[in-house]
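# Coordinate inspection notes
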Amino acid sequence: MSPRIVVSRRHLPGYKCLIFLLFVPILFTTIFNHHEKITYFLRPIWDTPPQPLTYLPHYYAENTSMDTLCRLHGWKLRNEPRRVFDAVIFSNELDLLEVRWGELDPYVTKFIILESNATFTGLPKELTFATNRERFSKFENKIVYGFLPGELAKERKRVSPFSVEGYHRISMNGLISGSGISDGDLLIVADTDEIPSGNTIKLLQWCDGLPPVLHLDMKKYLYSFEFPTDPTWKATSHVYGQHTRYMHSRQTDLVLSDTGWHCSFCFKYLSEFVVKMTAYSHADRVKNKEHLDHLKIQEKICNGDDLYDMFPEEYTFKNLIGKMGSIPRTASAVHLPTYLIENADKFRFLLPGGCLRLPG
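Residues numbered from 1 in each chain as written. Predicted model: local features only at pLDDT ≥ 70, side-chain atom pairs only at ≥ 80, totals over all residues. Heavy atoms only, no water.

Here the focus is helix α8 (residues 270-279). Most of α8 sits out of view: 7 of its 10 residues are buried. Buried within α8 we find Leu270, Glu272, Phe273, Val274, Lys276, Met277 and Ala279. At its buried positions, α8 is contacted by β14 (260-264) and α9 (294-303). (Buried < 20%, exposed > 50% of the residue type's maximum accessible area, 1.4 Å probe, protein only. Helix = DSSP H or I, 4+ residues; strand = E, 2+ residues; numbered from the N terminus. Contact = heavy atoms within 4.5 Å.)

Pairing of strand β10 (residues 218-222) with strand β11 (residues 228-232) involves 3 bridges; the strand directions are antiparallel. Bridged to Lys220 within β11 is Thr229. Where β10 hands over to β11, the hairpin turn is made up of 5 residues, of which Tyr223 adopts a positive phi near 75 degrees. (Pairing = 2+ DSSP bridges.)

For the rest of this paragraph, the subject is the environment of Trp46. The residue Trp46 is located in helix α2 (residues 43-46) in this model. Sequence separation between Trp46 and Tyr315 is 269 residues, and the spatial gap between their C-alpha atoms is 9.0 Å.

Turning our eyes to something else, we now look at the pattern of salt bridges. In this structure the tally under the stated criterion is 20 salt bridges. With a shortest N-O distance of 2.8 Å, Arg83 and Asp185 are connected by a salt bridge. Residue Arg83 is located in the loop between β2 (76-77) and β3 (84-90), and its partner Asp185 is located in the loop between α6 (161-177) and β6 (186-189); the two are separated by 102 residues in the primary sequence. The partly exposed category is assigned to Arg83, whose relative accessible area is 34%. For Asp185, a relative accessible area of 8% gives the class buried. For Arg329, the salt bridge is made with Glu226, and the minimal N-O distance between the two is 2.9 Å. Within this pair, whereas Arg329 is found in the loop between α10 (317-322) and α11 (338-342), its partner Glu226 is found in the loop between β10 and β11, the two being separated by 103 residues in sequence. In this structure Arg329 comes out as partly exposed when scored by relative accessible area, which is 46%. Taking relative accessible area as the criterion, Glu226 reaches 6% and is therefore assigned buried. Because the salt bridges share partners, they merge into one network encompassing Asp95, Glu98, Arg135 and Lys346. (Salt bridge = Lys/Arg side-chain N within 4 Å of Asp/Glu carboxyl O.)

Attention now moves to the packing of α8 against α9. Viewed as axis vectors pointing N to C, α8 and α9 meet at an angle of 95 degrees, and their least axial separation amounts to 10 Å. Comparing their axes, α9 and α8 come out roughly perpendicular. Facing α8, whose interface residues are Leu270, Ser271, Phe273, Val274 and Met277, α9 presents His294, Ile297, Gln298 and Ile301. Residues that form the contact of α8 with α9 fall into these classes: 6 nonpolar, 3 polar and no charged. (Axes fitted to C-alpha atoms, helices over the stretch in contact; angles between N-to-C directions. Parallel < 35°, antiparallel > 145°, perpendicular 65-115°, else oblique. Nonpolar A, V, L, I, M, F, W, Y, C, P; charged D, E, K, R; others polar.)

The sheet built from 8 strands is open, its strands ordered β1-β13-β9-β12-β6-β3-β4-β5 with mixed pairing. If you trace the sheet from one side to the other, it starts and ends with β1 (54-56) and β5 (143-148), each paired once. Sheet twist, expressed as the average angle between the axes of neighbouring strands with direction ignored, equals 25 degrees. By the bridge criterion, 6 bridges tie β3 to strand β4 (residues 110-116) in an arrangement that is parallel. If you follow Ile89 over to β4, its bridge partner there is Leu114. Each of β3, β4, β5 and β6 touches helix α4 (residues 94-104); the most contacted strand, β3, lies at about 175 degrees to it.

Before going further, it helps to spend a moment on the pairing of strand β9 (residues 213-216). Here β9 pairs with strand β12 (residues 236-239) via 3 bridges, running antiparallel. Within β12, the position partnered with Val213 by the bridge is His238. In this structure, β9 lies alongside strand β13 (residues 254-256), joined through 2 bridges in parallel fashion. In the sheet register, His215 faces β13, and the bridge partner there is Val255.

Have a look at this one:
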């Protein structure tokens, strides 16, 4: 019979100290390595949602007269359409830029595009649009191109990428004012991947009485039009005047519903994903080399998973938990940009079933 081992009660505090000494470093290491995830998960505790927006109904049906559509919105039909100026700060979204300009070409007077040779994070960047300008020759007579010399991270003091992004937006104001725009014209302020629908622009250019600044509610997609997520509203339309500024933030409480599409990270090549992940203002979310691995990125694209393994940005635990996991895919390709459908073979990767990407 084996002898019984009896632990004296006076030795228990020693075990507790040992457990404590092991637990505390593990806890601090976990917090240090995953503080951003923990912060996002606890957002409902430390953050409050923004003030609610007022969503205006958006009426549209094919073959409906503009007079009828203007009246349904409480506006009046103009004698002639406003001129429309579409302005974007460009990085490397060549395919989405072509879809955007193809959708808007019948309505836009000038396409204004600003490009730099450095990213918001200070990395050297190819002048992607300038190099591929021939691809957009069908729009050449409408293009107003601006080059903004960038400053590389090694050459500048510690500057936030958000500050650099803000400087780009300030620089865009000068390019817009030199484009031939006049008071009363319509200015569209949106990122390249925020594409207003043609019927939305036609409505805004033909109606009088619309608000001078109006946010544009857009259906949002991730990686392609196969993965719909929550709508976004930061794109804006402006009836241009002396106080108009190129901003990508809340400027009014009014939002026109269902005005287009926001397709985020909708690239054809895996290399383009890496460029954006390391270049834009949230590049700090890249925590390790695995995030930039092509095989990992490809897997996340086809599964509809977050590239950074982040939690959803929600203000209640109910919504946060409800949106965790992969994005449900859709098989619908209805009510998408006309130019995209007309050129479906070229842009198959943007449509349901086209999740596989080339290395680039």
